[in-house]
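# Architecture and fold: a report
So the chains spell out like this:
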Amino acid sequence: MYEAKNAQFPATSTDEADYMDLRSQPRIHESIIKGFLIFSGVISILTTVGIVVFLGQEALRFFTDPQVSLVEFFTGTVWQPQIYKFGILPLLSATVMSSLIAMGLAIPIGLSVAIYLSEYASQRIRSIIKPSLEILAGIPTVVLGFFALTFMTPLLRSILGNDVVQIYNVFSAGVVMGILILPLISSMTEDALHAVPNTLREGAYGLGATKLEVSTQVVLPAAISGIAAAIILGISRAIGEAMIVAIAAGAGPNFTINPFEAAETMTGHIVRISGGDISYDSLDYNSLFAIALMLFLFTLTLNILSQRIIRRFREVYE
Amino acid sequence: MSDYEKPSMDLFQPNYDRPEADLFEDTLDKRHRVGRVWKVVFQISTVIGIIALATLILKIFNDTMGYAAIQYKKNPATISTTGKSLEEMSCSELWPILAENVSKNRLRTIEREKILEERTKTECYNLVMFEVAEPTVKKTWPLLASLINYQEIQAYTAEKYPEGDLTFKVWITKSFILSPQSDDPLKAGIKTAILGSLFIILIVIIISFPIGVAAAIYLEEYATQNRINNIIQTNINNLAGVPSIIYGMLGLAVFVRYLEPITSGALFGFSDPTTANGRTILSAGLTLSLLILPVVIINGQEAIRAVPNSLRQASYGMGATKWQTVWSHVLPNALPGILTGTILAVSRAFGETAPLVVVGAATFITFSPESIFSKFTSVPIQIYQWTARPQDAFQNIAAAAIIVLLVLLLVLNATAVFLRNRYSRRW
């Protein structure tokens, strides 16, 4: 066997046994380690499979129940498990409404912030404001829910009147959700704008364009793929957000288009029902999985779309 | 063709009705004006973002202290017969008062909990306060209102609660942090919740760190560009975007129900009567581990990718095997980045609420968790439950709990930033 201190170069050694054995040797412990590494990688696949299988299985139980019809599930406007009414539209409408309000706030402000930080602000201002906004994104959503219920709602009620705005309402939940998503959009957009090479800007300046024209007509279109991806991720985040709506939007499905009324979103419903005493294998319990499966499919589609957009439309400079 | 190559040139289009010289000068002013207006719009938007953050933090601080109208069953001033105030009395002086005012049975229960000699002065004082005076919070005011409208508050209290007492109360105190959960906002604390959170986070770290790092090593160092590895990579990116509540549903179906014998501890002979079914700390920890695993992997990959190839080549050149190279050269150099990423992911798990509610956080537990098979609650869950209650005082203790949560998160994040600045190397 080879030992370090006895090692001699083959050229000076005459003894065959002293040669280093340079052939690759089977190393059992390395194979075991590699096995563990592969297993760890595969766990992520198992997680996805687990989500699809378990959500699908319970959802299937729900849909095959004689009390439930698929058509009613997608078109019914009443969700009342006690009387076997399972129409997802009230939950879906609240989800769409709160997300629309959030995005209506987050997209224009987020893009403006990103343009300001990337094109106008000095390096120093940028290095202060960007991390500050990212703190907003890191605040636990339950804290934002508290903020929505105890600050935004009283504020809205004092402005618009107590009879217009209910204590629980979709609007304040949507606004606070916008605050949550704003840093996500501004940060990703800013990164995309920052990646646009300076030559494009200088070219436009050379043609006599003003700063605004350079920012909005040259840099923004050049970074459009990153911006679109950020917006889609923001929508996906808004749809899946649970705590803000569970706390501030209301506790009871309500098919309405008035954002100042209480209504329950898909996520809010799951949180409320599963937080109470729920018996396994009841129709009520299985219905939560049906909702969760819908939610999973929505967000997965949006996430994949976002990745596609980044890959397909990314401009590669240099 | 993408849009940027043909920027809209409306403003530059020559207007042939006018002489060339005028044209440029005419529009230039207007264009600059528009530019200035929009610059202000951009600035205002940024300020709005900052204001949102500032309002949020101020609002929470505002709720953590302020005047509270407290009504006593028996006024503390009249309890003492010797003329000394209750705060000044020693434990042996307070004890007779307690014995005089509570029923014999209650006194025996109190004695059984802890005898007189072992109690500190504050404990005795609290006993007399809660057992004899029995305060209830009727209404609270936030700090700002307390400072500005003191007269109004005083008048309001005098009119509405004539026997009530207006005191300035700081809700976040040492006893708030060290007391267990309670139905009474004056007694309630978050010790149970903090311990629950720490237990859960410990499990999350133990599980997600090794698996996450191993997966990152596999994907960066071992995996070749083939179909399966591409699927794994895409899959991880997609998992990172799945809403946390979905993980909660997965945890409910898999850990709480399917693996109940394991997660409830029944398989290992734990038949703790308080842990009915699989809604335990272990289930919660496993669920959150799955939740942050994709983030740990992605951050780990970035850290490993940042280690320059020359280090690997040098190691191979010295005859090291693949694993020796990874273990002795790649990992030590990537570790600061991996740790930073993991801490940030863990701090996300720390603030998660929805998946824990779904997995089945206990609504009310006053005892501290003893093992991973105990029922659980956590700081965010506690905040959620207190926020959901209508009384004023619960809003105050929810704000106090939020401060505790934010401080814990701040510590975690500061550690991450410190690690990054202290140990990261630029190649």
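Residues numbered from 1 in each chain as written. Chains lettered and ligands numbered in written order. Predicted model: local features only at pLDDT ≥ 70, side-chain atom pairs only at ≥ 80, totals over all residues. Heavy atoms only, no water.

Below, the discussion takes up the overall build of chain A. Looking only at helices and strands, one finds twelve helices and two strands in chain A. Ordering the α and β elements of chain A from the N terminus gives α-α-β-β-α-α-α-α-α-α-α-α-α-α. Its C-alpha atoms give chain A a radius of gyration of 28 Å, more than 25% over the compact-globule value 20 Å for 318 residues. The buried share of chain A, taken over its 318 residues, is 53%. For chain A, the share of sequence-separated contacts (at least 6 apart) that also reach a separation of at least 24 residues comes to 72%. Accessible area for chain A stands at about 14,900 Å²; split by element, carbon and sulfur atoms hold 63% of it. Charge separation in chain A, taken as the distance between the mean sites of 18 positive and 24 negative side-chain charges, equals 4 Å. (Helix = DSSP H or I, 4+ residues; strand = E, 2+ residues; numbered from the N terminus. Rg over C-alpha atoms; globule rule 2.2 N^0.38 Å. Buried < 20%, exposed > 50% of the residue type's maximum accessible area, 1.4 Å probe, protein only. Contact = heavy atoms within 4.5 Å. Areas by Shrake-Rupley, 256 points an atom, 1.4 Å probe, with all protein chains shown as cover. Lys, Arg positive; Asp, Glu negative; His and termini not counted. Charge placed at Lys NZ, Arg CZ, Asp CG, Glu CD.)

All names here are of chain B. Annotation of chain B at the domain level lists domain 1 (84-172) and domain 2 (191-423). Each of domain 1 and domain 2 has a C-alpha centre, and the two are 41 Å apart. Counting from both sides, the interface comprises five residues of domain 1 and, opposite them, seven residues of domain 2. Carbon and sulfur atoms make up 67% of the area that domain 1 and domain 2 hide from each other, which totals about 530 Å². It is T140, W171 and I172 that lose the most area in domain 1 upon contact with domain 2, and together they represent 83% of the buried surface on that side. Our count for the domain 1 to domain 2 interface comes out at one salt bridge. Between D392 and K139 there is a salt bridge whose closest N-O contact spans 3.9 Å. (Domains from an automatic or database assignment. Buried area = accessible area lost by both parts, 1.4 Å probe. Salt bridge = Lys/Arg side-chain N within 4 Å of Asp/Glu carboxyl O.)

This next bit is on helix α17 (residues 379-387) of chain B. Owing to its 3.6 residues per turn, the α-helix brings residues three or four apart onto one side. Summarising burial for α17(B): nine of the nine residues are buried, a large majority. Within the sequence span of α17(B), burial applies to V379(B), P380(B), I381(B), Q382(B), I383(B), Y384(B), Q385(B), W386(B) and T387(B).

The subject of this paragraph is the packing of aromatic side chains. Where two aromatic rings form a pair, the distance of their centres and the angle of their planes describe that pair. One pass over the structure, following the stated rule, counts 19 aromatic pairs over all chains. Between F54(A) and Y258(B) the ring centres are 5.6 Å apart and the planes differ by 70°, which places this aromatic pair in the edge-to-face class. Here F54(A), found in helix α1 (residues 28-63), pairs with Y258(B), found in helix α11 (residues 244-258), and the two come from separate chains. For F54(A), a relative accessible area of 16% translates into the label buried. K211(A) extends its terminal NZ or CZ atom over the ring of Y120(A), reaching a point 5.4 Å from the ring centre. (Phe/Tyr/Trp six-rings, centres within 6.5 Å; stacked < 30°, edge-to-face > 60°. Lys NZ or Arg CZ within 6 Å of the ring centre and 35° of its normal.)

Turning our eyes to something else, we now look at the confidence of the model for chain A. Averaged over all residues, the pLDDT of chain A is 87; the fraction at 70 or higher stands at 91%. Contacts from residues 1-8 of chain A, a stretch scored under 50 in pLDDT, to residues over four places away or in other chains number four contacts. (pLDDT = per-residue confidence, 0-100.)

On to unusual backbone geometry, then. One non-glycine residue, Y84(A), lies in the positive phi region at around 55°. With respect to the helices, strands and loops of the structure, Y84(A) is situated in the loop between β1 (79-80) and β2 (85-86).

A few words on the side chain of D63(B). Within the secondary structure layout, D63(B) lies in helix α1 (residues 20-63). According to the relative accessible area criterion, D63(B) is buried, its value standing at 4%. Separated by 2.9 Å, the side chains of D63(B) and K59(B) make a polar contact. Among the polar contacts made by the side chain of D63(B), one reaches the side chain of Q395(B) at a distance of 3.0 Å. The contact partners of D63(B), leaving out residues within four places of it in the chain, are F146(A), P142(B), W171(B), Q395(B), N396(B) and A399(B). (Polar contact = N/O pair within 3.5 Å; in protein donor to acceptor, adjacent residues only side chain to side chain.)

Turning next to the nonpolar core. Core analysis: the biggest nonpolar cluster contains 179 residues, and L55(A), L98(B), I245(B), I246(B) and W386(B) have the highest contact counts within it. Ranked by residue count, the leading element in this core is helix α3 (residues 89-120) of chain A, at 15 residues. Filtering out sequence-adjacent residues up to four positions away, L55(A) remains in contact with G50(A), F289(A), A292(A), L293(A), F296(A), I246(B), M249(B) and L250(B). Listed in part, the 24 residues of the second largest apolar core include L37(A), V213(B), I304(B) and I338(B). (Core = buried A, V, L, I, M, F, W, Y, C linked by side-chain atoms within 4.5 Å.)

Right, let's talk about the interface of chain A and chain B for a bit. Each side of the interface is counted separately: chain A has 80 residues, and chain B has 81 residues. Carbon and sulfur atoms supply 76% of the area buried between chain A and chain B, which totals about 7,000 Å² over both sides. Of all residues in chain A, the largest losses of buried area upon contact with chain B belong to L37(A), F146(A) and Y280(A), amounting jointly to 10% of the total for that side. Where chain A touches chain B, the interface holds one salt bridge. Remark: the boundary between chain A and chain B carries eight residue pairs in polar contact (both at pLDDT 80 or more). Per element, the largest residue contribution to the side of chain A that touches chain B is 18 residues, and it comes from α1(A). Class assignment of the residues belonging to the side of chain A that touches chain B gives a composition of 53 nonpolar, 20 polar and seven charged. (Nonpolar A, V, L, I, M, F, W, Y, C, P; charged D, E, K, R; others polar.)

Okay, the packing of α1(A) against helix α12 (residues 283-313) of chain A next. All names here are of chain A. Between α1 and α12, the least distance of the axes is 8 Å, while the angle of their chain directions is 130°. Considered as vectors, α1 and α12 are oriented oblique to each other. Relative to α12, α1 is oriented so that their crossing is left-handed. Here I51, V52, F54, L55, G56, E58, A59, R61, F62 and F63 of α1 come into contact with α12, specifically with L283, Y285, N286, S287, F289, A290, A292, L293 and F296. Across the contact of α1 with α12, the residue classes tally to 14 nonpolar, three polar and two charged. (Axes fitted to C-alpha atoms, helices over the stretch in contact; angles between N-to-C directions. Parallel < 35°, antiparallel > 145°, perpendicular 65-115°, else oblique. Left-handed = near helix turned anticlockwise from the far one by under 90°.)

Bringing the sheet that holds strand β3 (residues 165-170) of chain B into the picture now. In a beta sheet, neighbouring strands are held together by backbone hydrogen bonds and run either parallel or antiparallel to one another. Residues and elements named next belong to chain B. Pairing is antiparallel across the open sheet formed by three strands, whose spatial order is β2-β1-β3. One side of each edge strand has no neighbouring strand; the edge strands of this open sheet are β2 (135-140) and β3. Across the sheet, the mean angle from the axis of one strand to that of its neighbour is 45°, orientation sign disregarded. Sheet topology note: the strand β1 (residues 65-72)/β3 ladder contains six bridges and is antiparallel. In the sheet register, I70 faces β3, and the bridge partner there is D165. Here helix α7 (residues 150-160) sits on the sheet in contact with β1, β2 and β3, set at roughly 130° to β3. (Pairing = 2+ DSSP bridges.)

A few words now on the pairing of β1(B). Residues and elements named next belong to chain B. Where burial is concerned, most of β1 is hidden: seven out of the eight residues are buried. For β1 and β2, the ladder comprises five bridges, and the chain directions are antiparallel. Bridge pairing in β2 places A68 opposite T140.

Residues and elements named next belong to chain A. Taken as a whole and judged by the stated rule, the model has 13 salt bridges over all chains. Between R61 and E58 there is a salt bridge, with its nearest N and O atoms 3.6 Å apart. Here the residue R61 and the residue E58 both occupy positions in helix α1, the gap between them amounting to three residues, near one helical turn. K130 is paired through a salt bridge with E190; the nearest N and O atoms lie 3.0 Å apart. Highlighted residues: K130 in helix α4 (residues 123-138) and E190 in helix α6 (residues 170-194), separated in sequence by 60 residues. Neither K130 nor E190 differs from the other in exposure class; each is buried. Overlapping salt bridges, with partners in common, bring together R126, K130, E190 and D191 in one network.

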